[in-house]
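Tertiary structure, described
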There are 2 protein chains.
Amino acid sequence: MSQKVFVSAQEVAQKAGVSRSAVSRTFTAGASVSPKTRQKVMEAAEALGYHVNHLARGLMLNESGIVCLIVSDMGTPYRSELLRALTQQLQNSGKIAMLINTDRSDGSVDLALKQAIHYRADASIILSGLPDKSITDLCLKNGQRLVLINRDDDRKGAFRINLDDEEAAACIATAFHRAGCRKLAFVNSQAGTPSLMARERGFVNAANALGLDVAVVHNGPTGYQSGRAMAQQLLTRPDRPDAVFCATDLLACGFMDAARHQFSVTIPDELCVAGFDDIEQASWSSYELTTFSQPVDEIARQAVGWLEADMLSSNQITSVRLHADLVWRNSIRGK
Amino acid sequence: MSQKVFVSAQEVAQKAGVSRSAVSRTFTAGASVSPKTRQKVMEAAEALGYHVNHLARGLMLNESGIVCLIVSDMGTPYRSELLRALTQQLQNSGKIAMLINTDRSDGSVDLALKQAIHYRADASIILSGLPDKSITDLCLKNGQRLVLINRDDDRKGAFRINLDDEEAAACIATAFHRAGCRKLAFVNSQAGTPSLMARERGFVNAANALGLDVAVVHNGPTGYQSGRAMAQQLLTRPDRPDAVFCATDLLACGFMDAARHQFSVTIPDELCVAGFDDIEQASWSSYELTTFSQPVDEIARQAVGWLEADMLSSNQITSVRLHADLVWRNSIRGK
DNA sequence: TTGTATGCGTTATCAA
DNA sequence: TTGATAACGCATACAA
């Protein structure tokens with residue numbers, strides 16, 4: 001009984017006593033319809049519960065209005081915030097988001113992109129992982145636009161949005177130095193993504209330039225537990241660090257919790273800590289973490305802005321570099 | 001140049017030297033194709049980079065494979081976790097998630113459901129808000145299936161997934177009582193959603209049955225800051241509560257932080273606290289919050305399980321009630 | 001098993 | 001401004 005029986009433009013046309021082209025025109029912006037027919041159509045549509053079939057429209061226009069969001073770890077604070085900003089912006093510009101969850105397994109992102117092709121998405125925005133070149137080429141060949149966020153890879157034809165990770169990281173090194181810290185450490189996961197590695201590079205280089213050594217540790221996935229584990233690793237050493245830069249806030253939260261509750265270290269008096277992302281928890285009074293804010297709304301704006309832009313004029317610009325603001329709180333001495 | 005030019009089944013057929021129905025059959029499960037033609041088709045498809053157009057297929061089959069996820073506050077820990085579980089389950093069963101972000105504005109959910117109709121989604125899963133009856137009726141009439149999570153409304157024809165909020169809340173009241181607490185409080189937002197109100201009701205009733213009064217406060221949205229604000233409200237009173245049940249973990253985190261850092265209250269010695277949702281932060285050692293876990297994976301399993309079920313047999317079952325497990329940590333004395 | 005023909009709900013083109 | 005007609009890419013009933 002309640003099998004899918006959507007009402008079609010044909011039926012609306014019949015009820016309104018017009019041709020189905022008239023119905024179509026009524027629902028396409030900027031088409032010429034007389035006010036009288038428009039009203040007749042609208043009334044009939046309303047009565048019948050008619051809604052344009054975007055699947056069929058996409059078939060005709062060669063433009064589905066669908067944008068694929070490809071992401072892993074979407075339950076994570078930073079990722080979910082970015083997702084929120086993106087879907088919001090997409091909706092604002094009349095597009096709709098398709099969400100594809102990837103895991104760390106090989107080819108997971110490639111599979112996701114194939115789904116994007118299946119549904120003839122106008123574009124794909126990749127927040128995690130890096131697809132194989134063959135598949136991105138396929139996307140581009142098919143006219144699907146590609147946005148890479150914090151992927152820092154030189155995929156030809158794709159639009160890349162990155163942060164000034166290295167510069168930001170360098171800035172923290174000097175802040176630690178100014179606070180009188182001399183035994184620095186960098187806490188990173190084993191993910192090895194471009195942006196995480198850039199932060200590591202920037203921090204280590206800047207510290208070295210200041211004549212300071214950095215103990216670098218890598219452990220597990222990019223999460224709270226890994227941060228705890230690395231605190232254990234670093235704080236049981238004879239030469240404890242007096243300043244730690246964590247590659248993300250989640251790592252930093254774990255590190256701080258272990259430092260305080262397991263090693264009774266006071267922050268920032270005995271230990272300075274900094275993070276990256278400015279997730280909500282960083283501002284909670286249990287952490288008051290000094291960190292760098294990812295401009296998620298600006299990232300989203302840039303991404304869908306590029307999608308809206310004309311292919312021809314946008315051919316020029318292929319990447320943008322956004323600034324991560326330092327959010328000074330209370331996990332580093334001085335200021 | 002790189003306008004959208006996807007390769008069609010027609011072209012594959014040509015290259016493979018077969019009819020285009022042969023191509024179609026090759027890509028539809030359970031169609032009869034000889035191994036020889038199948039291989040010819042596959043090779044041609046591979047060479048040309050052919051991918052079935054799900055838009056067109058959806059048009060034919062009257063089944064798009066699209067499921068709409070309608071949600072607000074998706075940056076929030078509990079919501080993003082639920083979203084993760086749902087998209088994962090959907091992918092596992094060969095469907096794809098469309099994400100629609102709603103805000104608190106009136107008709108926001110209705111608009112989202114209209115989008116779902118536009119794209120001929122097979123189903124919509126509503127995590128936030130409650131749409132107008134007229135629009136849900138429209139969805140159902142069109143054969144679109146509807147799942148309501150924690151909405152506790154008796155929409156005819158929709159599948160409802162709820163928790164035993166009241167029973168859980170009651171359980172906390174007795175735990176407080178057993179811990180020797182006598183001045184109870186309930187901390188809630190002003191959202192007034194069914195599940196939040198059920199927790200309030202269950203807690204107050206159970207407390208009353210134990211001969212205890214409950215100070216109930218409502219403040220702002222369901223977030224960290226509101227929790228802080230209500231701590232200020234309750235802890236400046238002359239008759240401070242010695243036990244607080246917060247309607248969600250986010251509220252609880254805010255409450256605990258303010259209690260500790262602003263009022264120097266020790267938890268659980270001077271004040272017992274409980275929450276609801278078991279977000280990741282609840283397990284962090286800054287909180288060690290005793291709370292109820294939302295079985296997000298089970299919720300997701302139930303939701304897409306119902307979507308996969310046969311219309312006829314599933315007609316019977318219209319709702320399911322899941323149990324929220326108590327996760328005992330360290331914010332309530334004793335045990 | 002294979003190919004032919006038809007229809008799904010649109011929009012664009014064109015003639016009126 | 002309007003209506004008829006031709007695509008769009010696909011799946012299927014039917015005949016071979």
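Note that the coordinates shown come from a computational prediction; the quantities given were computed from them, not determined experimentally.

Conventions used here
Residues numbered from 1 in each chain as written. Chains lettered and ligands numbered in written order. Predicted model: local features only at pLDDT ≥ 70, side-chain atom pairs only at ≥ 80, totals over all residues. Heavy atoms only, no water. Near = heavy atom within 4 Å. Polar contact = N/O pair within 3.5 Å; in protein donor to acceptor, adjacent residues only side chain to side chain. Helix = DSSP H or I, 4+ residues; strand = E, 2+ residues; numbered from the N terminus. Nonpolar A, V, L, I, M, F, W, Y, C, P; charged D, E, K, R; others polar. Pairing = 2+ DSSP bridges. Axes fitted to C-alpha atoms, helices over the stretch in contact; angles between N-to-C directions. Salt bridge = Lys/Arg side-chain N within 4 Å of Asp/Glu carboxyl O.

**Regarding the protein's contact with DNA strand C**
Around DNA strand C sit 24 residues, and of these A:Ser24, A:Met60, B:Ser21, B:Ser34 and B:Met60 come closest. Counting only atoms of DNA strand C within 4 Å of the protein, the sugar-phosphate share comes to 56%. A:Tyr50 is positioned such that a nitrogen or oxygen atom in its side chain is 3.0 Å from a phosphate oxygen of DNA strand C. When contributions to the surface near DNA strand C are tallied by element, the ones reaching two or more residues are α4 (54-61) of chain A together with α2 (20-27) and α4 (54-61) of chain B. No other element matches the four residues that α4(A) contributes to the surface near DNA strand C. Split by residue class, the surface near DNA strand C holds 11 nonpolar, 10 polar and three charged.

**As for the sheet that holds strand β3 (residues 123-126) of chain A**
Taken in spatial order, the 12 strands make up an open sheet running β11(A)-β5(A)-β4(A)-β3(A)-β1(A)-β2(A)-β2(B)-β1(B)-β3(B)-β4(B)-β5(B)-β11(B), and their pairing is mixed. Among the strands making up the open sheet, the edge pair consists of β11 (319-322) of chain A together with β11 (319-322) of chain B. The average angle at which neighbouring strand axes cross in this sheet is 20°, direction not considered. Sheet topology places strand β5 (residues 159-163) of chain A next to β11(A); four bridges connect them, and they run parallel. Bridging across to β11(A), A:Ile161 finds its partner in A:Val320.

**Points about the pattern of salt bridges**
A complete count under the given rule lists 19 salt bridges over all chains for this structure. Residue A:Glu81 is joined to A:Arg84 by a salt bridge in which the shortest nitrogen-to-oxygen separation is 2.9 Å. Of this pair, A:Glu81 and A:Arg84 both sit in helix α5 (residues 77-92), separated by three residues, roughly a single helical turn. B:Arg201 is paired through a salt bridge with B:Glu166; the nearest N and O atoms lie 3.1 Å apart. With B:Arg201 in helix α9 (residues 194-209) and B:Glu166 in helix α8 (residues 165-178), the pair connects residues that are 35 residues apart, well separated along the chain. One continuous salt-bridge network, built from bridges that share partners, spans A:Glu81, A:Arg84 and A:Asp297.

**Description of the protein's contact with DNA strand D**
In the vicinity of DNA strand D, 26 residues are found, and the nearest of them are A:Arg25, A:Ser32, B:Ala9, B:Ser24 and B:Arg57. Considering the 4 Å shell around the protein, atoms of DNA strand D inside it are sugar or phosphate in 60% of instances. The side chain of A:Arg25 places a nitrogen or oxygen atom 2.7 Å from a base nitrogen of DNA strand D. The side chain of A:Thr37 places a nitrogen or oxygen atom 2.8 Å from a phosphate oxygen of DNA strand D.

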